[in-house]
Amino acid sequence: MGRRWETALTNRLSTTFAKPHPALVCFITAGDGDTAANLDALVAGGADVIELGMPFTDPMADGPAIQNANIRSLGAGTTTATIFALASAFRARHPDVPLVLMGYANPMVRRGPEWFAQACAAAGIDGVICVDIPPEEDDALGPHLRARGIAPIRLATPTTDAARLPAVLDGSAGFLYYVSVAGITGKQQADIASIETNVTRIKQSTDLPVAVGFGVRTPEQAAGIAKVADGVVVGSALIDLVAEHGANAAPHIEVLTRSLADAVHSARGSA
Amino acid sequence: MNAPNSDRTMPPAKVNSFRNQPDSRGHFGDYGGRYVAETLMPLVLDLEREYRAAQADPAFQAEFDDLLEHYVGRPSPLYFAERLTEALGGAQVWFKRDELNHTGAHKINNCIGQILLAIRMGKTRIIAETGAGQHGVATATVCARFGLPCVIYMGATDVARQQPNVFRMKLLGAEVVPVTSGAATLKDAMNEGLRDWVANVHDTFYIIGTAAGPHPYPELVRDFQSVIGKEARAQMLARTGRLPDLLVAAIGGGSNALGLFHPFLDDADVKMLGVEAAGYGLDGDQHAASLLGGFPGVLHGNKTYLLQDEDGQITEGHSISAGLDYPGIGPEHAWLKDMGRVEYTAVTDDEALDAFQLLCRTEGIIPALEPSHAIAAVAKRAKEMDRDQIILANLCGRGDKDIFTVAEKLGVEM
C-alpha cells in the first residue's frame, strides 16, 4: 500500500525531488512577521520546498524558538483562514514551488478532516506533516488527504526501528522526514555518521525521498547532510531571524536561505 | 446486573458491558488513541506490551497490593457522614476516604502502579507533570521510596499558588521545574513533560497523573485507581447489604472518578455523577468543564473533549482548584458521556468553597478543593433524594494544601 502511494501521488514534490541535486526544505511559521514577504524570500534564496507551520497553542514537539513563533503568530491574531489565505496567495505567485503545511492534529481536524483536505486542495497545498498523528491513527486524516491528491508526509526518528519502519512508510507520500535526533526542534544535531547510517537504512525500504531535519542551522551542517540525504530541512535558524527582525526579516531570510541552498545544491559537486 | 438498564439518560445504543473498553487500539468509542509524535510511538507500544505482561504476572499484582496495604494505608475507610446527612436532610451521604492515603490523595495509587512498571522496564529516571501538586508529591514520594531520580514539571502559576506542595516535593528529593510557557498551568507542564520525554526516551519513564494521554495510559491509570471502587463496592455491600444509588466524584482529568465508577459500571441500578469545575460559571469562558463546555479534539496523545476555540486552539481553563483547571478530560469519560452511562454536571468556585466549609463544620474533615466540587453536587442531589437512598462520594484529597487559597478567598490574612 505504501508503494502504491509513493508512486501514485505525482505533484510538485515529486518533480522537485526528481531534480539532480538535493533539496533545501525551509520551515517558517505562518502569521509570524510578514509571512508573504518571508515566503518570497525563501523562494528567491533558492528553497526547493516550503513548510508553512500552522501555529498551535500547545506545540509539544517544538523547542523554544518555534514555541515562541507560535505564540507571536497567535498573539497577532492568526487564524486557520489566515493560513489558507497565505497559502493561496503564495500558490498564485509561485505556481511551481511545493508548499507543505506542518502542524499539530487539533487545528487540522477541528472542522473535520474532509474540510481540511478540501481547504488544502483549494489552496494548492502539496503535502501535510502532522506531528501527532502517527500511522496508528492515520484514519483521523490520512485517507482524506490521499483522496485529494495531497501527500501525507510522515516522520521517522532514531526510535523508528526496522520492525516499525514499514508501518511508517505505509500510506505516506511526497517525502519521508527523518528527524535526526530524539528530541524537540531547534536543539542539537545528530552526528553525520548516525544520520548516514539511518538514511541508508531507510532508503533500503522505500523509494520515497528522505529529507533530514532537526538542529540544522548552518550551510556546513546542511552540506554534510545533503551528501547522504535527498533533502535538508531548516526551521529554527530561520525562525530566529523572524524573532530578531520582526516584520523586516525577509532580506535576512533570503541571505541565509541562499547560503543554505548553495551548500545543499552543490554538496555532491553537481551544482 | 450485567446489562444497562432502561434509565432515561441511556441512548438506544446497546453494549454488553461498560467495563471492557478500550479496544485493541486504545480507543474508547471515538475517543482515546495514541496521538503522539513518532519518537514516542515505540515507547508507547513498549509500555503497552509491558503492561500486558504485568497484568498477567501474579507477582506484579502482589507487590502492588502489598505496597497499597502497608505503604499507602489501604483499604481506605468507607465512612457514613451522619451530621452532613442530617444537615442536608435527604439521602444518606457516605464517603470513600481516599484523603487518608499516604500523601493525602488518591494520586498515590496510580504512582505505585506506574513506578513498578517503570522498574520492570528498566527505566532509571522518572518525570511527571503536576497541577495542584498532589500528583507531583505522590510521584516524588514513590521515587524516594524506590531511589529513582525525579523531575516534576509544574506551571509557574501553580508553583506560586501551591507552595506547600512544592516544598514537599523538594523535601522528597525531586527537582521541581517551573514552566513559564502558555498560561503556566497544568497543560503547559504536560507539554514540557512530553518535551523532556521525547528527548530522553532511552532511560526515562513518564508517570502521567490522570486517566488521559496516549494509550495505554488512560487504561492503566484507571486500572490502578480502580482499587477505590473495588474496595468501596465490597465495603458498601458488607456495611449496608446493598449498592449505593448514586456515585459522585470530582473531575479534572478524571482518574479519581473512574477509579470509583469503573467497578460499578455494569451495576445498572447505580447512577453516577461526574462533577466538573464551573469556575466563575459556564456562561463565560472562565471554567474548566471540558465535557459540558468543550468539543472533541486531539491533545496530549488522545482524542477527547477539549476547551478550544473554533480553530482548534486550546483555551485556558479556570478553577479555584489547581487540580481541576485542565482543558481536557480522560477519554473514557468522553465515551461514558456520549453513551449516557455517567451524568456530568459542574460546580462553581463559590459553590465548592461553600461545600468545603460545610464539610469542615459538619464532619471535622478539611477536604481538598477538588472533592469540594463533588461535595457541592452531593449537597444539591441529596436534598432531592429519599432518606433511605445512598450517595457515595469520593473524598479524593485532603485540604491542607488549599487552606491558603481558601483563606485568601474568605478575606483572611495568614
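Structure: above.
Residues numbered from 1 in each chain as written. Chains lettered and ligands numbered in written order. Predicted model: local features only at pLDDT ≥ 70, side-chain atom pairs only at ≥ 80, totals over all residues. Heavy atoms only, no water.

**Examining helix H1 (residues 41-55) of chain B**
Residue and element names in this part refer to chain B. The terminal C-alpha atoms of H1, which comprises 15 residues, lie 21 Å apart, in line with the 21 Å expected from a rise of 1.5 Å per residue. Listed as buried for H1 are Met41, Pro42, Leu43, Val44, Leu47, Glu48, Tyr51 and Ala54. Buried residues along H1 sit against strand E2 (31-35), helix H2 (58-72), helix H4 (107-120), helix H8 (186-199), strand E8 (204-206) and helix H9 (217-225). (Helix = DSSP H or I, 4+ residues; strand = E, 2+ residues; numbered from the N terminus. Expected span 1.5 Å × (residues − 1). Buried < 20%, exposed > 50% of the residue type's maximum accessible area, 1.4 Å probe, protein only. Contact = heavy atoms within 4.5 Å.)

**Here we look at the packing of H4(B) against helix H5 (residues 134-146) of chain B**
Residues and elements named next belong to chain B. Interhelical geometry of H4 versus H5 gives an angle of 45° and a closest axis separation of 9 Å. One element, H4, and the other, H5, form an angle in the oblique class. Considering the relative orientation of H4 and H5, their crossing is right-handed. From H4, Lys107, Ile108, Asn110, Cys111, Ile112, Ile115, Leu116 and Ile119 reach across to H5, where they touch Gln134, His135, Ala138, Thr139, Thr141, Val142, Cys143 and Phe146. Tallied by class, residues from the contact of H4 with H5 come to 10 nonpolar, five polar and one charged. (Axes fitted to C-alpha atoms, helices over the stretch in contact; angles between N-to-C directions. Parallel < 35°, antiparallel > 145°, perpendicular 65-115°, else oblique. Left-handed = near helix turned anticlockwise from the far one by under 90°. Nonpolar A, V, L, I, M, F, W, Y, C, P; charged D, E, K, R; others polar.)

**Some points on the packing of aromatic side chains**
Applying the stated criterion across every chain yields a total of 13 aromatic pairs over all chains. Plain terms: the ring middles of B:Tyr51 and B:Phe224 are 5.9 Å apart, the flat faces sit at 75° to each other, and that makes the pair edge-to-face. Here B:Tyr51, found in helix H1, pairs with B:Phe224, found in helix H9; they are 173 residues apart in sequence, far enough to count as distant. B:Phe224 carries the same exposure label as B:Tyr51, and that label is buried. A ring pair is formed by B:Phe64 and B:Phe224, whose centres lie 5.2 Å apart and whose planes are at 45°; its orientation type is tilted. Here B:Phe64 is found in helix H2, whereas its partner B:Phe224 is found in helix H9, with 160 residues between them in sequence. Comparing B:Phe64 with B:Phe224 shows no difference in burial state: the two are buried. An aromatic cluster is present here, built from B:Tyr51, B:Phe60, B:Phe64 and B:Phe224 joined pairwise through their rings. Directly above the ring of B:Phe295 sits A:Arg110, whose terminal nitrogen or CZ lies 4.9 Å from the centroid. (Phe/Tyr/Trp six-rings, centres within 6.5 Å; stacked < 30°, edge-to-face > 60°. Lys NZ or Arg CZ within 6 Å of the ring centre and 35° of its normal.)

**Brief notes about the side chain of B:Gln114**
All names here are of chain B. Mapping Gln114 onto the fold places it in helix H4. Using a relative accessible area of 0% as the deciding quantity, one classes Gln114 as buried. Residues in contact with Gln114, not counting those within four places in the same chain, are Phe205, Tyr206, Ile207, Ile208, Tyr217, Leu220, Val221 and Phe224.

**Some remarks on the pattern of salt bridges**
Residue and element names in this part refer to chain B. Within this structure, the stated rule accounts for 39 salt bridges over all chains. Here Asp196 makes a salt bridge to Arg125, at a shortest N to O gap of 2.7 Å. Note that Asp196 is positioned in helix H8 and Arg125 in strand E5 (residues 125-130), a separation of 71 residues in sequence. The pair formed by Asp196 and Arg125 is uniform in burial state, with each residue classed as buried. (Salt bridge = Lys/Arg side-chain N within 4 Å of Asp/Glu carboxyl O.)

**Here's the deal with a nonpolar patch on the surface**
Residue and element names in this part refer to chain B. Taken together, Ile366, Ile403, Phe404, Leu410, Val412 and Met414 make up a surface patch of nonpolar side chains, about 560 Å² in accessible area. Structurally, Val412 can be placed in the segment after helix H16 (403-409). Classification of Val412 as partly exposed rests on a relative accessible area of 46%. (Patch = residues over 30% accessible without salt bridge, like charges linked within 9 Å, V, L, I, M, F, W, Y side chains within 5 Å. Areas by Shrake-Rupley, 256 points an atom, 1.4 Å probe, with all protein chains shown as cover.)

**Looking at the interface of chain B and chain A**
Listed as interface residues are 34 residues of chain B and, on the opposing side, 36 residues of chain A. The contact between chain B and chain A buries some 2,900 Å² in all, and 49% of this surface belongs to carbon and sulfur atoms. Broken down residue by residue, the surface that chain B buries against chain A is led by B:Glu38, B:Arg195 and B:Asp311, which jointly contribute 25%. In this assembly, chain B and chain A are joined by four salt bridges. Close ionic contact of B:Asp311 with A:Arg111 constitutes a salt bridge, the shortest N to O distance being 2.8 Å. Counting the contacts that link chain B with chain A gives 22 residue pairs in polar contact (both at pLDDT 80 or more). Of all the secondary-structure elements, those providing two or more residues to the side of chain B that touches chain A are E2, H1, H8 and strand E11 (295-299) of chain B. If one sorts the elements of the side of chain B that touches chain A by residue count, H8(B) sits on top with seven residues. A breakdown of the residues in the side of chain B that touches chain A according to their chemical character gives 15 nonpolar, 10 polar and nine charged. (Buried area = accessible area lost by both parts, 1.4 Å probe. Polar contact = N/O pair within 3.5 Å; in protein donor to acceptor, adjacent residues only side chain to side chain.)

Read these as geometric descriptors, not functional statements.
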